[in-house]
4 protein chains.
Amino acid sequence: MPLRAAVIGAGYWGPNLVRNFRSSPDWDLVAVCDLDPARAARVVGDRSTVEVETSLEALLARPDIDAVAVATPAQTHCGIALAALEAGKHVLVEKPLASTLSDATRMVDRAEELGLVLMCDHTYCYTPPVQHLRALVHSGELGDILFVDSVRINLGLVQPDVDVFWDLAPHDLSILDFVLPHGLSPLEVSARGSDPIGAGNSCLGYLTMPIGHGAIANIHVNWLSPTKIRHTVVGGSRKTVVWDDLNPQQRLSVYDRGVDLELTAGTADAAEKRAVNVNYRLGDMYAPALPEREALGQMVTEFADSIHEGRAPLTDGRAGLRVLAVLEAASESQRRAGAMAPVALTDLYAQRHGLGQPVGVGVGLLR
Amino acid sequence: MPLRAAVIGAGYWGPNLVRNFRSSPDWDLVAVCDLDPARAARVVGDRSTVEVETSLEALLARPDIDAVAVATPAQTHCGIALAALEAGKHVLVEKPLASTLSDATRMVDRAEELGLVLMCDHTYCYTPPVQHLRALVHSGELGDILFVDSVRINLGLVQPDVDVFWDLAPHDLSILDFVLPHGLSPLEVSARGSDPIGAGNSCLGYLTMPIGHGAIANIHVNWLSPTKIRHTVVGGSRKTVVWDDLNPQQRLSVYDRGVDLELTAGTADAAEKRAVNVNYRLGDMYAPALPEREALGQMVTEFADSIHEGRAPLTDGRAGLRVLAVLEAASESQRRAGAMAPVALTDLYAQRHGLGQPVGVGVGLLR
Amino acid sequence: MPLRAAVIGAGYWGPNLVRNFRSSPDWDLVAVCDLDPARAARVVGDRSTVEVETSLEALLARPDIDAVAVATPAQTHCGIALAALEAGKHVLVEKPLASTLSDATRMVDRAEELGLVLMCDHTYCYTPPVQHLRALVHSGELGDILFVDSVRINLGLVQPDVDVFWDLAPHDLSILDFVLPHGLSPLEVSARGSDPIGAGNSCLGYLTMPIGHGAIANIHVNWLSPTKIRHTVVGGSRKTVVWDDLNPQQRLSVYDRGVDLELTAGTADAAEKRAVNVNYRLGDMYAPALPEREALGQMVTEFADSIHEGRAPLTDGRAGLRVLAVLEAASESQRRAGAMAPVALTDLYAQRHGLGQPVGVGVGLLR
Amino acid sequence: MPLRAAVIGAGYWGPNLVRNFRSSPDWDLVAVCDLDPARAARVVGDRSTVEVETSLEALLARPDIDAVAVATPAQTHCGIALAALEAGKHVLVEKPLASTLSDATRMVDRAEELGLVLMCDHTYCYTPPVQHLRALVHSGELGDILFVDSVRINLGLVQPDVDVFWDLAPHDLSILDFVLPHGLSPLEVSARGSDPIGAGNSCLGYLTMPIGHGAIANIHVNWLSPTKIRHTVVGGSRKTVVWDDLNPQQRLSVYDRGVDLELTAGTADAAEKRAVNVNYRLGDMYAPALPEREALGQMVTEFADSIHEGRAPLTDGRAGLRVLAVLEAASESQRRAGAMAPVALTDLYAQRHGLGQPVGVGVGLLR
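About the thresholds
Residues numbered from 1 in each chain as written. Chains lettered and ligands numbered in written order. Predicted model: local features only at pLDDT ≥ 70, side-chain atom pairs only at ≥ 80, totals over all residues. Least-squares fit on C-alpha atoms with pLDDT ≥ 70 in both. Contact = placed C-beta atoms within 7 Å. Nonpolar A, V, L, I, M, F, W, Y, C, P; charged D, E, K, R; others polar. Helix = DSSP H or I, 4+ residues; strand = E, 2+ residues; numbered from the N terminus. Pairing = 2+ DSSP bridges. Axes fitted to C-alpha atoms, helices over the stretch in contact; angles between N-to-C directions. Domains from an automatic or database assignment. Buried ≥ 20, exposed ≤ 12 C-beta atoms within 10 Å, placed from the backbone. Arc of directions from axis to C-beta. Parallel < 35°, antiparallel > 145°, perpendicular 65-115°, else oblique.

Trainee: Give me the relation of the copies chain B and chain C: which residues, what numbers.
Mentor: When chain B is fitted to chain C, the residual RMSD is 0.0 Å, and the transformation amounts to a turn of 180° plus an axial shift of 0.0 Å. Both copies of the chain, as the preceding transformation shows, are related through a two-fold rotation axis. Rotation axis and chain B: the residue whose C-alpha lies nearest the axis is Tyr 286 of chain B, separated from it by 2.0 Å. Mapped onto chain C, 100% of the interface residues of chain B are again interface residues, and the two copies thus contact each other with one and the same surface.

This is the structure in structure tokens:
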């Protein structure tokens, strides 16, 4: 028996969710909800018995809906999600999870209290290259992570209400959260944005953060680039991966190349001097064969599976929280002209739940 | 009658200078000087009457040498260049001009006092794409410059004495100095470096600086990348150029694409609100035909021409100074965890020469 | 009022047609017909009132269907299309139009007799790059066509019943037919195929044909290539276009590059010798901005428009005929070890309709 | 003690040979010979004691020269090479070995009679990717060779006296000779050329030949392409290699991808029917790390080594013969409108030396 879903919001992202819920054997799409019934009807299409709803209350009151997917503007996520949770529905939310960290925290807390699944649609985490990248990192094949450089630029829709970091960086941050051995947990963040066209918000920028042991991650986001680049390098002490998402024939390239230092013990009279031998590995590259499948299809399957199994989904509300915490710190750093700003999440969670004692639906949600 | 040259330093870069002085009709290469005569002899090759010198003093004392090219370690540039200037030789110096801003200032001042040419080997400025890029900016075809993003990464030689900024960023900075309408003149710089392999210096990093009117330039340098990228975007209000130096068939691409904002006057009761129309230009791209010629050949010609014409070369000592001033500020910013550090040059020159009254060989050197 | 369509065949291509008829405002998709009702039902999807039919007769007998789209195996095209035409339906047929030239001729003749539209789904002709390419050729911007080189290779499905020419070359041939000033009208064709894996049919091959004035077109098709290439060069006396369909950011590149010969009149005593000056044009390249839109959406719109306007569609049955005539000649050439084989179409049509007097739905169908 | 060389011909290719003989520790470049002394002097350069000769006789009479490298027009190769051999010099000849197969045969025969090295400058065979490709084929890693597709196109110098096959295809043919398990030994060749600009010779064309067991090789050469492509695929039953020579970061890609057929024994009543299972391998790709070194440097070293060791060089005169035999057959095929033309070499050699009993300098030259 498939689970019964409704999609709330028939704007930019909603149709993609509709299409995937419709074609998934795990789901039965019952209704699409939008304030504009014509827009919802267009998404549903002709000769369809999927229902159109315009009232959120009416939708949530229906007993024949198990879960809702929210694809509305970010500032409405919290209200809709809390209402849906109160109505006993499992909830999937488009990224970012909410427009503020405190809103998001309320959503996560409430879902956990009610024992319902709250999932964040971090779509890229369900693509074959990101899933392979995660496996490469977690298996140790890359060694220690030395650096991450992620570029996500194109001629983009200049948003009236959010800056380019809030628009594009959630993708990179959710990928980092998914891929890094300990998830996304920087203590501080530096962000330098620029608004050279006078749009009112940063249209391009750079976000840098320490990711442990001297390593840093940098994210370059840009709405003003005439060309599209989706290019991420994850440098490891053993191997380094280049992910070029616009090269479908070779998205991932794993290089056995790098720099190794050998520290030799100095002699007595040169104790402070360390003698260093620099070795260059110049080995082969390989490009793993990756399946071609739509990420959103995998995502709605994971949503169903996590509901059936009573567990947190791979990209749960807490993953969304970690992303939001970095985005808020990035905004603070921008206000400080790029100086490092602390990431609030650790304190917040330490206060509330006790550090290292995360709780979730069933068992431990926090990685 | 060609000018007579000697090359000092037969290490990594010296052979390239030797080859170009040799094949230039403007120059007669008289000698190569190195402490190691075997190394110099190898560079000179068999069946050649180019002389090998091991003594700098002896070399500089020769009356049959008009100019020297210095390709020795950066910390020796100042001593060698000053000695050569005192001996009445014109001087070409490999980048960076010196290892400190104060050394470089002494070199520039002394050359100007003696009326000799002091040139900095900013090789990229003599490549066809950079010359074309400069023309595109200076002609106004790009409009106002909105952003510059420059990536220069590859598996590089980890240097024992300098960090990756001092090793690689001089290329990007000298290009910016050459291309930007007002040269390289940021008031402050932010640099975040990382040394994840424990080499003792930053092996990768990001350098950001304001370049006027809300625009920023960012430079990404990295010794640990398994792949080589040489990719610079110069975004303008009219057009945007992408320079991919590793694509010899299409190094420059000029895009008629971008985002235009139209600010509409608000009504009385909404005076603070500005109504903004966002327009997207989605025009064609063109790739200008560029000649294929060796940059160093152009560079040694410019060295000869500037001597003959008693003028500052295109990449004179002051260009080298401007690059060094940014590098020193970048080092200071790294010490401050990436916070903005002021660039010292303006003050220095204001003190010495009076702001806006630059002097040079003949006429105004400072752009 | 939208036209009412049915799709016949729910295999590989049918679902694409279903999706586009469904989302087109010009069409109402009434039914999907397949011998296997479960397969048809899967294509229709849940919560849909699009009907599933398993009987062709029943389908064609329905008065609420104006047109059918046939996506069944090639050898069944003729029978299905003729039945549909007899039932008064307009017909769209997947490429190739039929499995033999004589079948296809019957289809074209019958549609013309009945005044119904017979359209061939030459999908590529409805893509933005091919439409732009056609405009470049027809406007004269390229000058005379000097050569065409088309490569279509990838790891493909080895077909049990047809060779690689019949499987892949229809794409290239239909594009040539659409783009060339006089359509696809070679007098003879050479084809060299190879079956190195013992599949029973050529798995890779080369098809060469004269296209007038000394120019040739060559098509390389290959099922055994590990990488995918879709690369076509159309060389002209003024400009040359490179179409790389796998580069979505720059599918078309128009080069102002080429070789010009100037023939100079010889002197009296050297009358036979022609003095030739070779000039190389080395001008800029430009990449026209192209819209991103789905070709099949354009195609179903053209199907509707041609029915409403009582005219031949852009890719009508005769275009399908011309493609088939070349495919049959290619098979004959393969039997002759690659020697030139004549293309039968001209004779056939000269006999039947009188050369130069093509008839069609409304006005002249044959270019 | 290095061997002593002279380079004959200071035109297009001569300077490259001069540079490599000069920088090789195996060689002492004594003289450069050209009818135009100024041209030779320019190649030698200033401050050099390399001598300039204008008389071939005088050059060959010098006792201080062990070997000559011939870089003159093809029709002069035979005369110069025979004179040099008679003078006791080892000879290296630029490709093609001669302008006719019979000339080339005389050169090969005479060198073998005199026990002197006759080497053909098949430069590409000394590049790292071709050497690696040969190893991949010869080790069996690719399995049986199923097809070869080689594309060598660019805006090229239209030659007054030879067509594009004679100008460009020697590269591909010499590579095939070097790489294929049994060298270049097709029994017949088909070539279709085109001269759409009226240059007097084919400016673009396609050359196809069987290479055994149903496999074919195809070579596409073109002087009129606005872009440069150097792309060769060697398809094997186990793995397939793509060599893209214009991608210095990944010249070779080895794919574990392909199509496997399993022939199943039929049942009694279906004895003729073979049941075929088609299996697709969709494995990883790897790109071997390749050294960066100049091919001509390797080539002059091999020339020296073969002289010292009294053996045939890797690309000996007979390799040049095999290439010429295919070129002559290609010309014959063009005269026959692309029909297959036999390759003369086998007969020629069978007559002269007895098939399978090749003789050479020391031991067996013919692979």
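Trainee: Give me the lowdown on the relation of the copies chain B and chain A, citing residues and values where you can.
Mentor: Mapping between the two chain copies consists of a rotation about an axis together with a translation along that axis. After a rotation of 180° and a shift along the axis of 0.0 Å, chain B superposes on chain A with an RMSD of 0.0 Å. Interface overlap between copies is the fraction of interface residues in one copy that are interface residues in the other; for chain B against chain A it reaches 100%, indicating a shared surface.

Trainee: Which residues make up the interface of chain B and chain C, and what values do they have?
Mentor: Tallying the contact residues gives eight residues for chain B and eight residues for chain C. Looking at side-chain class alone, the side of chain B that touches chain C contains six nonpolar, one polar and one charged residues.

Trainee: Tell me about the interface of chain B and chain A, and name the residues and values.
Mentor: Across the contact, 40 residues belong to chain B and 40 residues belong to chain A. When residues in the side of chain B that touches chain A are grouped by element, the largest group, six residues, is from strand β11 (residues 224–236) of chain B.

Trainee: Break down the sheet that holds strand β1 (residues 3–8) of chain C for me, citing the residues and quoting the values.
Mentor: Residue and element names in this part refer to chain C. Read from one edge to the other, the open sheet built from six strands follows the order β3-β2-β1-β4-β5-β6, with strand pairing classed as parallel. Only two strands of the sheet have a single neighbouring strand rather than two, namely β3 (51–53) and β6 (118–121). Each strand of the sheet is rotated relative to its neighbour by a mean of 25°, with strand direction disregarded. Looking at chain direction, strand β5 (residues 90–94) and β6 are connected through four bridges and run parallel. Paired with Val 91 across the bridge in β6 is Leu 118.

Trainee: Kindly report on the domain arrangement of chain A, identifying the contributing residues and their values.
Mentor: Residue and element names in this part refer to chain A. Under the domain assignment used here, chain A contains domain 1 (3–123 + 295–353) and domain 2 (125–286). Placing the centre of domain 1 and that of domain 2 at their C-alpha centroids yields a distance of 27 Å. Listed as interface residues are 25 residues of domain 1 and, on the opposing side, 24 residues of domain 2. Contributions of two or more residues to the side of domain 1 that touches domain 2 are made by α8 (295–309), α9 (317–335) and β15 (341–342). Here the side of domain 1 that touches domain 2 takes nine residues from α9, the largest share from any one element. Across the side of domain 1 that touches domain 2, the residue classes tally to 15 nonpolar, seven polar and three charged.

Trainee: Outline helix α6 (residues 128–138) of chain B, supporting the account with residue identities and numerical values.
Mentor: All names here are of chain B. Residues of α6 that are buried include every one of Val 130, Leu 133 and Leu 136, and no others. Angular distribution of buried residues about the axis of α6 spans 120°; they occupy a single face of the element. Facing away from the buried surface of α6 by more than 90 degrees, the exposed residues are Ala 135 and His 138. Residue Gly 140 follows α6 closely and has a positive phi angle near 85°.

Trainee: Tell me about the pairing of strand β8 (residues 188–194) of chain C, and please be specific about residues and values.
Mentor: Each regular strand displays side chains that alternate between the two surfaces of the sheet. All names here are of chain C. Buried residues dominate β8, accounting for six of its seven residues. Here two bridges tie β8 to strand β15 (residues 341–342), and the two strands are oriented antiparallel to one another. Its bridge partner lying in β15, Glu 188 is registered against Pro 342. Strand direction decides the pairing type here: β8 and strand β9 (residues 204–212), joined by five bridges, are antiparallel. In the strand pairing of β9, Gly 193 is matched with Gly 205.

Trainee: Summarise the sheet that holds strand β1 (residues 3–8) of chain B; cite the residues concerned and give the values.
Mentor: For sheets, the rule is that strands pair by backbone hydrogen bonds, running either parallel or antiparallel. Residue and element names in this part refer to chain B. On the basis of which strands lie adjacent, the open sheet formed by six strands has the order β3-β2-β1-β4-β5-β6 and parallel pairing. Single-partner strands in this sheet number two, and they are β3 (51–53) and β6 (118–121). In this sheet, adjacent strand axes meet at a mean angle of 25° when their direction is disregarded. Each of β1, β2 (27–33), β4 (67–70), β5 (90–94) and β6 is contacted by helix α8 (residues 295–309), which is oriented at about 170° to β6, the strand it contacts most.

Trainee: Please provide a residue-by-residue account of the environment of Ala 6 of chain B, values included.
Mentor: Residues and elements named next belong to chain B. With respect to the element layout, Ala 6 can be found in strand β1. Separated by 59 residues in sequence, Ala 6 and Ile 65 have C-alpha atoms that sit 6.8 Å apart. The residues touching Ala 6, leaving out its near neighbours within four places in the chain, are Val 30, Ala 31, Val 32, Cys 33, Leu 59, Ile 65 and Val 68.

Trainee: Now, about the packing of helix α4 (residues 74–86) of chain A against helix α5 (residues 101–114) of chain A: what can you tell me, with residues and values included?
Mentor: Residue and element names in this part refer to chain A. At a minimum axis separation of 10 Å, α4 and α5 run at an interaxial angle of 10°. Looking at the two axes, α4 sits roughly parallel to α5. Note on element contacts: α5 touches α4 through Asp 103, Arg 106, Met 107, Arg 110, Ala 111 and Leu 114, opposite Cys 78, Ala 81, Leu 82 and Leu 85. Within the contact of α4 with α5, the residues separate by chemical class into seven nonpolar, no polar and three charged.

Trainee: Break down helix α4 (residues 77–86) of chain B for me, with residues and values.
Mentor: Residues and elements named next belong to chain B. Along α4, the residues classified as buried are His 77, Cys 78, Ile 80, Ala 81, Ala 84 and Leu 85. Burial along α4 is one-sided: seen end-on, the buried residues are contained in an arc of 170°. On its buried face, α4 sits against β1, α3 (56–61), β4, β5 and α5 (101–114). Positive phi appears at Gly 88, one or two residues downstream of α4, with a value of about 85°.

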